[in-house]
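# Report on the structure
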Amino acid sequence: MYEVSSKIKIEPLPEGMTLQAIDIYHVYGLEHQNKVVALRGVSFDINKGEILGIVGPSGSGKSTLLLSLGGMLKPTAGQVIYEDGTDISKLPEEQQFQFRRNNIGYVFQEQNLIPYLSAEKNIEMPMRLVNKSFAERKARVKELMERLGIWHRRTHTPKKISGGEQQRVAIARALANNPKLIFADEPTGNVDSETSTQILDLFKELTQEMETSYLICSHDPIVGEFTDRTLEIRDGILIGEHLKGIDLTDLDSSRLLVIDNQNRITLPEKAILELHGVILYTWEMTNEGILLKPLGKIDKKRERKIKFCTTCGAEIPPDTYSCLRCGAKLTRVVR
Ligand SMILES: Nc1ncnc2c1ncn2[C@@H]1O[C@H](COP(=O)(O)OP(=O)(O)OP(=O)(O)O)[C@@H](O)[C@H]1O
Ligand SMILES: [Mg+2]
């Protein structure tokens, strides 16, 4: 059971589920003119012992999602429910800290190590915060540093070790308190493929030993081979799901389309391009499924009309439908 106020508790999640995200929205700069809607109603579950991946282009909302689920960022709307029914986003700040310390490990995109502390002191820090004994702390630091191949660097400060070693220190720190759930933002971003495999093997061992669950954002092909399931996010919307062992360089071949909590479905870019600008469809149920038929003719020779981004004015190359400069979406693909 999590140690939180009983006022915030609602129904526990169904057996086997460790987290449920319900309709998460996040708007940056709500109070300013330049708002960015980073998440637009994202819902999904994480099961106990599951290694769940998140992929999507740069700026699609992956880090924002991880920060929102871990309670580091307050979602503008939505619920983040943990196993016993606690909604972390609704906890008062002090209880949120306590909840995070006890239940969540976080590997950031930037490692956020404390610069003036040695590697071993950095790893020890989360255990100090929950008052683990000296002997327990020492034993855990040694075990993790040995498993990650950084024991010989234990007395060095972050500045004096390589980027890959810093990354492993950050991972050891996230694992220190044996959290039930680990959020990892590009955990293998700074390491070679051998070290990536070593890190991922450790993650896998921990899911088997303690039913730890992982939510991992990554573009690393090795991570794609290793996740149990991968969610695909684009422009803050969940658009697809991929099953075990995927090739991150060819998502089209494994993508299952998602009808999300708000009944939205996003067609793959390839399909949209094939539609050549037709925007109205008739639909019918058939024995095979649903058939969409364009209303009007598909004219493959139609000239592309959108040449400049309507948001920032940058030139749009053919067959592109988000602006390469500002990332704005072209809502209709017109050739
Ligand atoms: N602190 C912030 N203030 C305003 N906008 C932000 C802030 N952080 C992120 N954004 C914007 O929110 C959107 C989602 O950003 P996010 O960092 O979640 O993307 P990402 O998928 O993690 O990208 P990357 O793969 O590059 O790490 C982007 O448009 C980004 O510019
Ligand atoms: Mg990110």
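Above this note sits the structure.
Cut-offs used in this document
- For every chain, the first residue of its written sequence is number 1, and the numbers climb from 1 along that sequence.
- In the order they appear in the text, chains get letters beginning with A and ligands get numbers beginning with 1.
- Local features are withheld for residues below a pLDDT of 70 in this predicted model, meaning they are given only at 70 or higher, and side-chain atom pairs are given and counted only at 80 or more; totals for whole chains, interfaces and linings count all residues.
- Remark: nonpolar core denotes a set of buried Ala, Val, Leu, Ile, Met, Phe, Trp, Tyr and Cys residues whose joining runs through C-beta atoms within 7 Å.
- The exposure label follows from counting other C-beta atoms within 10 Å of a residue's C-beta, where the C-beta atoms are placed from the backbone and the thresholds are 20 or more for buried and 12 or fewer for exposed, leaving partly exposed in between.
- Each residue gets a C-beta atom placed from its backbone, and two residues are in contact if those atoms lie within 7 Å.
- Pairs of strands are assigned from DSSP output, requiring at least two bridges between the strands.
- Strands are runs of DSSP state E lasting at least 2 residues, helices are runs of H or I lasting at least 4, and numbering of each runs from the N terminus.
- Axis lines are fitted through C-alpha atoms, for helices just across the contact stretch, and the angle between N-to-C directions can take any value from 0 to 180 degrees.
- Using a C-beta atom placed from the backbone for every residue, we mark a residue as near a molecule or strand if that atom lies within 6 Å of it.
- Charged residues are taken to be Asp, Glu, Lys and Arg, nonpolar residues to be Ala, Val, Leu, Ile, Met, Phe, Trp, Tyr, Cys and Pro, and polar residues to be all remaining types, Gly included.
- Throughout, the term roughly parallel applies to angles under 35 degrees, roughly antiparallel to angles over 145, roughly perpendicular to angles from 65 to 115, and oblique to all others.
- The handedness criterion is simple: a crossing whose near helix is rotated anticlockwise from the far helix by less than a right angle is left-handed, and one whose near helix is rotated clockwise is right-handed.

### Things to note about the nonpolar core
Core analysis: the biggest nonpolar cluster contains 61 residues, and Ala172 and Leu215 have the highest contact counts within it. Setting aside anything within four residues of it in sequence, one finds Leu215 in contact with Ile46, Leu52, Ile54, Leu66, Leu69 and Phe183.

### Quick look at the sheet that holds strand β1 (residues 17-28)
What the three strands build is an open sheet, ordered β2-β1-β4; its pairing is antiparallel. Lying at the two open borders of the sheet, with one neighbouring strand each, are β2 (36-47) and β4 (77-82). In this sheet, neighbouring strand axes are inclined to one another by 10 degrees on average, regardless of whether the strands run parallel or antiparallel. Pairing of β1 with β4, which is carried by five bridges, proceeds in the antiparallel orientation.

### Section: the environment of Ser253
On the secondary structure map, Ser253 appears in the loop between β9 (237-242) and β10 (256-257). You can call Ser253 exposed: it has 9 C-beta atoms within 10 Å. Once the C-alpha coordinates of Ser253 and His242 are considered, the two residues, eleven residues apart in sequence, prove to be 9.4 Å apart.

### As for the site of ligand 1
Around ligand 1, 13 residues are found, and the nearest of them are Tyr28, Ser58, Lys62, Ser63 and Thr64. Going through the elements one at a time, β2 and α1 (62-69) are the ones with two or more residues in the shell around ligand 1. Top element by residues in the shell around ligand 1 is α1. It accounts for three residues. Grouping the constituent residues of the shell around ligand 1 by class yields three nonpolar, nine polar and one charged.

### Thoughts on the sheet that holds strand β7 (residues 213-217)
If you walk across this open sheet you meet the seven strands as β5-β6-β7-β3-β8-β9-β10, and the pairing is mixed. Strands with a single pairing partner mark the edges of an open sheet, and in this sheet they are β5 (104-107) and β10. Against the sheet, α1 touches β3 (51-55), β6 (181-185), β7 and β8 (229-234), its axis set at about 150 degrees to β7.

### Some details on the environment of Val42
With respect to the secondary-structure elements, Val42 resides in strand β2. Considering only alpha carbons, one finds Val42 and Ala21, 21 residues apart in sequence, at a separation of 7.1 Å. Apart from the residues lying within four places of it in its own chain, the contact partners of Val42 are Ala21, Ile24, Leu65 and Leu238.

### Describing the packing of helix α3 (residues 119-129) against helix α5 (residues 163-175)
Each pair of packed helices can be summarised by the angle the axes make with each other and by the distance between the axes. It is at 7 Å that the axes of α3 and α5 come closest, and there the two elements cross at 25 degrees. When the interaxial angle is binned, α3 and α5 end up roughly parallel. Crossing hand, α3 versus α5: right-handed. Residue-level contacts link Ala119, Asn122, Ile123, Met125 and Pro126 of α3 to Val169, Ala172 and Arg173 of α5.

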